[in-house]
Amino acid sequence: VQLQACGGGLVQAGESLRLSCAASGGIFSTYVMGWFRQAPGTEREFVAGINRSGVRKDYEDSVKGRLVVSRDNAKNTLYLQMNSLKPEDTAVYFCAAASNARAPVLLSWTSYHYWGQGTLVTVSS
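Basis of the calculations
Residues numbered from 1 in each chain as written. Predicted model: local features only at pLDDT ≥ 70, side-chain atom pairs only at ≥ 80, totals over all residues. Heavy atoms only, no water. Buried < 20%, exposed > 50% of the residue type's maximum accessible area, 1.4 Å probe, protein only. Helix = DSSP H or I, 4+ residues; strand = E, 2+ residues; numbered from the N terminus. Pairing = 2+ DSSP bridges. Core = buried A, V, L, I, M, F, W, Y, C linked by side-chain atoms within 4.5 Å. Contact = heavy atoms within 4.5 Å. Axes fitted to C-alpha atoms, helices over the stretch in contact; angles between N-to-C directions.

Student: How do you make sense of the pairing of strand E8 (residues 77–82) when you look at a structure like this?
Tutor: Along any regular strand the residues' side chains alternate between the sheet's two faces. Where burial is concerned, most of E8 is hidden: five out of the six residues are buried. Note: strand E3 (residues 17–24) against E8, six bridges, orientation antiparallel. Directly across from Arg 18, in E8, lies its bridge partner Gln 81. Counting the residues that bridge the hairpin from strand E7 (residues 67–72) to E8 gives four residues, and of these Asn 76 lies at a positive phi of roughly 55 degrees.

As structure tokens, this is what we get:
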């Protein structure tokens, strides 16, 4: 499967963005999906994950209540609605897909097999 992320940009603290990740070349509904981010000089970290049907979701603690992950299997698209953004959310955001997953949601980047190219989110104070 190929993943194409978009929607990043420069916003002020408190504003919102919605990231999208379009999938092609695979059966999207069979993949567990996730969002990760990486700021300069840091390791890639888990942001949010979602199971195949979109019912079960999991979030990194610092984004709970502000970021919402969702998916539209009919449109082969993963989303990340980002509200109340903070400067510490500044990073390159990556979408990822895992095939044959043995858990409904996957938190480790090593569990994912396919990655999008990343989209930069910059939040100014």
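Student: I would appreciate a short explanation of the nonpolar core in the present structure.
Tutor: The tendency in soluble globular proteins is for nonpolar side chains to be buried side by side. Within the largest apolar cluster, 29 residues are counted, with the highest numbers of intra-cluster contacts made by Trp 35, Leu 78 and Leu 80. The set of elements that each furnish at least two residues to this core consists of strand E1 (2–6), E3, strand E4 (32–38), strand E5 (45–50), E7, E8, strand E9 (91–98) and strand E11 (119–124). Contact partners of Leu 80, with chain neighbours within four places excluded, come to Leu 17, Arg 18, Leu 19, Trp 35, Val 47, Ala 48, Leu 67, Val 68, Val 69 and Tyr 93. Val 32, Phe 36, Ala 98 and Tyr 112 belong to the second-largest nonpolar core, a separate cluster that totals eight residues.

Student: So what exactly am I meant to see when it comes to unusual backbone geometry here?
Tutor: Across residues other than glycine, the phi torsion is negative in most instances, and most of the peptide bonds are trans. We note that Asn 76 has phi near 55 degrees; this positive angle belongs to a residue other than glycine. Despite not being glycine, Asn 100 shows a phi value in the positive range, around 50 degrees. One can find Asn 100 in the loop between E9 and strand E10 (114–115). Relative accessible area serves as the criterion here: at 70%, Asn 100 is assigned to the exposed category.

Student: I tried to follow the sheet that holds E8 on my own but got confused; where do I start?
Tutor: Pairing between the strands of a sheet comes from backbone hydrogen bonds, and it takes one of two forms, parallel or antiparallel. Pairing is antiparallel across the open sheet formed by four strands, whose spatial order is E1-E3-E8-E7. The outermost strands of the open sheet, each flanked by one partner alone, are E1 and E7. With direction set aside, neighbouring strand axes in the sheet form an average angle of 15 degrees. Pairing of E1 with E3 involves five bridges; the strand directions are antiparallel. For Leu 3, the partnering residue across the bridge sits in E3 and is Ala 23.

These figures capture arrangement, not role.
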